Amino acid sequence: MTARRATPPRLRLAAALALVAMTACWGSTFVLIKDLLDRVPALDFLGVRFAIAALVMAAVAPGALRRLPRPLVRRSVALGALYGAAQIAQTLGLAHTAASVSGFVTGLYVVATPVLAALVLGDRIGARTWLAVLLATLGVATLTLDGLALGYGEALTLVGAILYAAHIVGLAAWTDPAHPVAHTWAMATVQVTVIAVICLVGAAPGGLTLPDRPADWVAVLYMALVAGALALVAQTWAQAHLRPTAAAVIMSMEPVWAAGFAVGLGGESLSGRLAAGGACVLAGMVLVGTATGHDARAGQGVG
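Criteria and cut-off values
Residues numbered from 1 in each chain as written. Predicted model: local features only at pLDDT ≥ 70, side-chain atom pairs only at ≥ 80, totals over all residues. Heavy atoms only, no water. Helix = DSSP H or I, 4+ residues; strand = E, 2+ residues; numbered from the N terminus. Expected span 1.5 Å × (residues − 1). Buried < 20%, exposed > 50% of the residue type's maximum accessible area, 1.4 Å probe, protein only. Phe/Tyr/Trp six-rings, centres within 6.5 Å; stacked < 30°, edge-to-face > 60°. Axes fitted to C-alpha atoms, helices over the stretch in contact; angles between N-to-C directions. Parallel < 35°, antiparallel > 145°, perpendicular 65-115°, else oblique. Left-handed = near helix turned anticlockwise from the far one by under 90°. Contact = heavy atoms within 4.5 Å. Nonpolar A, V, L, I, M, F, W, Y, C, P; charged D, E, K, R; others polar.

Novice: Give a description of helix 4 (residues 70–94) that names residues and reports values.
Specialist: With 25 residues, helix 4 ought to run about 36 Å at 1.5 Å a step, and its terminal C-alpha atoms sit 36 Å apart, in line with that. Residues Leu 72, Ser 76, Leu 79, Gly 80, Tyr 83, Gly 84, Ala 86, Gln 87, Ile 88, Ala 89 and Gly 93 constitute the buried set of helix 4.

Okay, structure coming up:
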């Protein structure tokens, strides 16, 4: 594999902040989705959400899609298929397990990512990075877990977590800091389109149910355009400048943001468990940042 161009520290920081902003967008959707899924089936919602995102992204920059090199088109299709399959596995698993367990098992992509990065990319994972992974995993467990038993739902959710990890590693392998912004936008557009197709196919057997309230459509548009389109553009760009394990640890901020929005907007109370879990994830995120800088100075690969 050709060596990647070294990313300057300022760009690494900007990429990390982009992922933090992305996880904040994702975390803000939990309260909205929890309410919306009372009226719209999960796969129908996902299909409509990503279809809107794909149409708007294609309309904003149609020339970017035409100029995207064919190898990047094929890679983007593969990445979208991974993400779409992960969405379906997670959704089907959620139907057979508690939401708290689903949140924890999905968060195990933080552990799966360095393993896949080592196997696929040949990354050498340092002790600091493994400690950051452990802290992030403990934080996610503290935030989400309330009993765990391995069954059909948990197994499906674990498959989803591994697919999410594969998507993170794939983005690290197939994006490059030298790619123009138009390529980043086009790659994200292709991924969103493939995700929409997969989810709509999954929803088709039962017929497509659309939201029937104006407020629901506002929520869908927010999740399509901000937490969907712009978030995936941010992830695609950011992962050109970060190693996959660093990205995964930062992305474990999602349940922290979700808990914060649940307290601020959903009326839930701030507990010691929430504070402890959030502190562990934040510590892991800070540690992986120092590990990245340390290993980069030492000339080693870091996940």
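Novice: Kindly report on the packing of aromatic side chains, identifying the contributing residues and their values.
Specialist: Counted by the stated rule, this structure contains two aromatic pairs. With 6.3 Å between their ring centres and 35° between their planes, Trp 257 and Phe 261 make a pair best called tilted. Residue Trp 257 and its partner Phe 261 are located together in helix 12 (residues 254–264), separated by four residues, close to a single helical turn. Overall, the relative accessible area of 29% leaves Trp 257 in the partly exposed class. By relative accessible area, Phe 261 is classed as partly exposed at 25%.

Novice: Explain the packing of helix 6 (residues 109–121) against helix 8 (residues 152–174) residue by residue, including any values.
Specialist: Relative orientation of the contacting elements helix 6 and helix 8 amounts to 45°, with a least axis distance of 8 Å. One finds that helix 6 runs oblique with respect to helix 8. The handedness of the crossing between helix 6 and helix 8 is right-handed. Taking contact as the criterion, the partners of Tyr 109, Ala 112, Thr 113, Leu 116, Ala 117, Val 120 and Leu 121 in helix 6 are, on helix 8, Ala 161, Ile 162, Tyr 164, Ala 165, Ala 166, Ile 168, Val 169, Ala 172 and Ala 173. Looking at side-chain class alone, the contact of helix 6 with helix 8 contains 15 nonpolar, one polar and no charged residues.

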